[in-house]
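One letter stands for each residue in the lines below.
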Amino acid sequence: MISNKIVVVTGGAGLIGSAFIEAVLVNGGSAIIADTNQEKGHALESEMRKKYPAQTVQYYNLDINSKKSIELLLEGLDVQFGRVDALVNNAYPKNETFGADFFDIEYDSFCENVNLNLGGYFLASQCFAKYFKNQGFGNIINMSSIYGMINPKYELYAGTDMSMPIEYAAIKSAVNQLTKYMAHYLKEFKIRVNTISPGGVFDYQPVSFLKGYKSHCAKKGMLNPKDLTGTFIFLLSDSSEYINGQNIVVDDGFSL
């Protein structure tokens, strides 16, 4: 569905990002693992090259909070491929106090986390949009969350050391509006921007949480990263060329 498309996935070496990288390769595209974690990035690159020797996969060290880092990535890709088809804003940088209780979080920490994530999405999108404008087309996919749309179900966290951080809710709700703003502003340049809002993704959470979460869903409960790849590939493909400024929810009915 995305044969020969050049797709950059920020946070590409992470839990969801690595599933996206493999999905790009399975569907005929070239995958760029853009991540600050060099060890995981190179390991994923090596693994994917062995599994998909006919496809192009490459790791780039990318900091979404550094304009220079983003511009160097774009320069390298332009030299290598002559174009870039899509940016996937999937990275989630955060500081050491991310997730503190609402009453305990310091103002400076809150602001830093918003800047790291939301600011990073903006900066990466701005740099890529300039490149896309010059080449005459482009596609941006922002990763948001159902908790950018609904209030947390706090009772699910009772008895665990988990929480639903206030920074996360603020960032993801802002990502949804950032998507709409950019989609409207950039449409004249043939750049489209959409959002995917996943439900919870399985990452060895406590059994009590998993059971409670599933009770709010239709069938599966917590998702696996691969459960997001169908929507992801659809938004990258020409089959979705007239979809712009939308937020697609993949959550097995949790948010209903």
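Note that the coordinates shown come from a computational prediction; the quantities given were computed from them, not determined experimentally.

Asker: Please clarify how the packing of helix H1 (residues 15–26) against helix H2 (residues 38–51) should be interpreted in this entry.
Answerer: A pair of packed helices is characterised by two quantities: the angle between their axes and the separation of those axes. Running from amino to carboxyl end, H1 crosses H2 at an angle of 30 degrees, the nearest separation of the two axes being 11 Å. Judged by the inter-axis angle, H1 sits roughly parallel to H2. When the axes of H1 and H2 are compared, the crossing they make is right-handed. Contacts between H1 and H2 involve Ser18, Ile21, Glu22 and Leu25 from the first element and Leu44, Met48 and Lys51 from the second. Residue composition of the contact of H1 with H2, grouped by class: four nonpolar, one polar and two charged.

Asker: I'm lost on the packing of helix H4 (residues 107–135) against helix H5 (residues 166–186) in this one. Help?
Answerer: Two elements in contact, H4 and H5, have axes separated by 10 Å at closest approach and are oriented at 20 degrees. In this view, H4 runs roughly parallel relative to H5, as classed from their interaxial angle. Here H4 and H5 pass one another in a crossing that is right-handed. Here Phe110, Asn113, Val114, Asn117, Leu118, Tyr121, Phe122, Ser125 and Ala129 of H4 come into contact with H5, specifically with Ile166, Glu167, Ala170, Ile171, Lys172, Ala174, Val175, Leu178, Met182 and Leu186. When its residues are assigned to classes, the contact of H4 with H5 shows 14 nonpolar, three polar and two charged.

Asker: How should I be thinking about the pattern of salt bridges in this particular structure?
Answerer: Two side chains that carry opposite charge are able to pair once their charged atoms sit near each other. Using the criterion set out here, one finds five salt bridges in the structure. Close ionic contact of Lys5 with Asp238 constitutes a salt bridge, the shortest N to O distance being 3.2 Å. Here Asp238 lies in the loop between helix H7 (229–236) and strand S7 (247–250) and Lys5 lies in the segment before strand S1 (6–10), a separation of 233 residues in the sequence.

Asker: Sorry, what's going on with the side chain of Asn176 here?
Answerer: Take Asn176: it is sitting in helix H5. Taking relative accessible area as the criterion, Asn176 reaches 13% and is therefore assigned buried. Of the polar contacts made by the side chain of Asn176, one reaches the backbone oxygen of Gly148; its length is 3.3 Å. Those residues in contact with Asn176 that lie beyond four places of it in its chain are Ser144, Gly148, Met149, Thr195, Ser197 and Asn247.

Asker: For this particular structure, what's the right way to read the layout of surface pockets?
Answerer: If you roll a probe as big as a water molecule over the atoms, it shows you where there is empty space left. Computed from the structure, the largest pocket encloses a volume of approximately 1,300 Å³. As for the largest pocket, its lining consists of 44 residues, of which Ile16, Tyr92, Lys94, Tyr168 and Asp203 are closest to the centre. Of all elements in the fold, only H1, strand S2 (30–35), H5 and helix H6 (207–214) reach the threshold of two or more residues within the lining of the largest pocket. No other element matches the three residues that H1 contributes to the lining of the largest pocket. Residue classes in the lining of the largest pocket are distributed as 24 nonpolar, 14 polar and six charged.

Asker: What am I meant to see in the packing of aromatic side chains here?
Answerer: Between two aromatic rings, the relevant description is the distance of the centres plus the angle of the planes. On inspection of all chains with the given rule, the structure shows twelve aromatic pairs. Taking the centre distance of 5.0 Å and the plane angle of 55 degrees together, the rings of Phe202 and Tyr204 count as tilted. With a centroid separation of 6.0 Å and an interplanar angle of 40 degrees, the aromatic rings of Phe209 and Tyr213 are classed as tilted. With a gap of four residues between them, Phe209 and Tyr213 both fall in helix H6, about one helical turn apart. By the burial criterion, Phe209 is buried, and Tyr213 matches it. The rings of Tyr147, Tyr157, Phe209, Tyr213 and Phe254 are connected pair by pair, giving a single aromatic cluster. Here the basic side chain of Lys94 rests over the ring of Phe98, its NZ or CZ set 5.9 Å away from the ring centre. Positioned over the ring face of Phe254 is Lys153, at 4.2 Å from the centre of the ring.

What counts and what doesn't
- Along each chain, the written sequence defines residue order, and numbers are assigned to residues from 1.
- Local features in this predicted model are restricted to residues of pLDDT 70 or higher, and side-chain atom pairs are both shown and tallied only at a pLDDT of 80 or more, whereas totals for entire chains, interfaces and linings draw on every residue.
- Water and hydrogen atoms were dropped before computing side-chain values, which therefore reflect all heavy atoms in the structure.
- Note on geometry: axes are C-alpha line fits, over the in-contact stretch for helices, and angles between N-to-C directions span 0 to 180 degrees.
- The helix count covers DSSP runs of H or I at least four residues long, the strand count covers runs of E at least two residues long, and both are numbered beginning at the N terminus.
- Here the angle decides the label: under 35 degrees means roughly parallel, over 145 means roughly antiparallel, 65 to 115 means roughly perpendicular, and every other value means oblique.
- In this scheme the handedness of a crossing depends on how the near helix is turned from the far one: anticlockwise by less than a right angle means left-handed, clockwise means right-handed.
- When checking whether two residues touch, look at their non-hydrogen atoms; a contact exists if any pair is within 4.5 Å.
- Amino acids are sorted into nonpolar (Ala, Val, Leu, Ile, Met, Phe, Trp, Tyr, Cys and Pro), charged (Asp, Glu, Lys and Arg) and polar (every other residue, Gly among them).
- Salt bridges, as used here, are contacts in which a Lys or Arg side-chain nitrogen is within 4 Å of a carboxyl oxygen on Asp or Glu.
- Under the scheme applied here, a residue whose accessible area is under 20% of the maximum for its type counts as buried, over 50% as exposed, and between as partly exposed, the area being computed with a 1.4 Å probe on protein chains only.
- Here a polar contact means two N or O atoms within 3.5 Å. Within protein one must be a hydrogen donor candidate and the other an acceptor candidate, and residues neighboring in sequence count only if both atoms are side-chain atoms.
- Here a cavity means grid points, on a 1 Å grid over the protein atoms only, where a 1.4 Å probe fits yet cannot get out; a pocket means an open set of points with protein on both sides within 12 Å along at least five of seven lines; lining residues are those with an atom within 4 Å of a point.
- Grid points are joined across faces, edges and corners, and a volume is the space filled by probe spheres set on the points.
- Only Phe, Tyr and Trp rings take part, Trp by its six-membered ring, and two of them pair if their centres are within 6.5 Å. Stacked means planes under 30 degrees apart, edge-to-face means over 60, and tilted covers everything else.
- Geometrically, a charge over a ring is one whose NZ (Lys) or CZ (Arg) sits within 6 Å of the ring centre while staying within 35 degrees of the ring normal.

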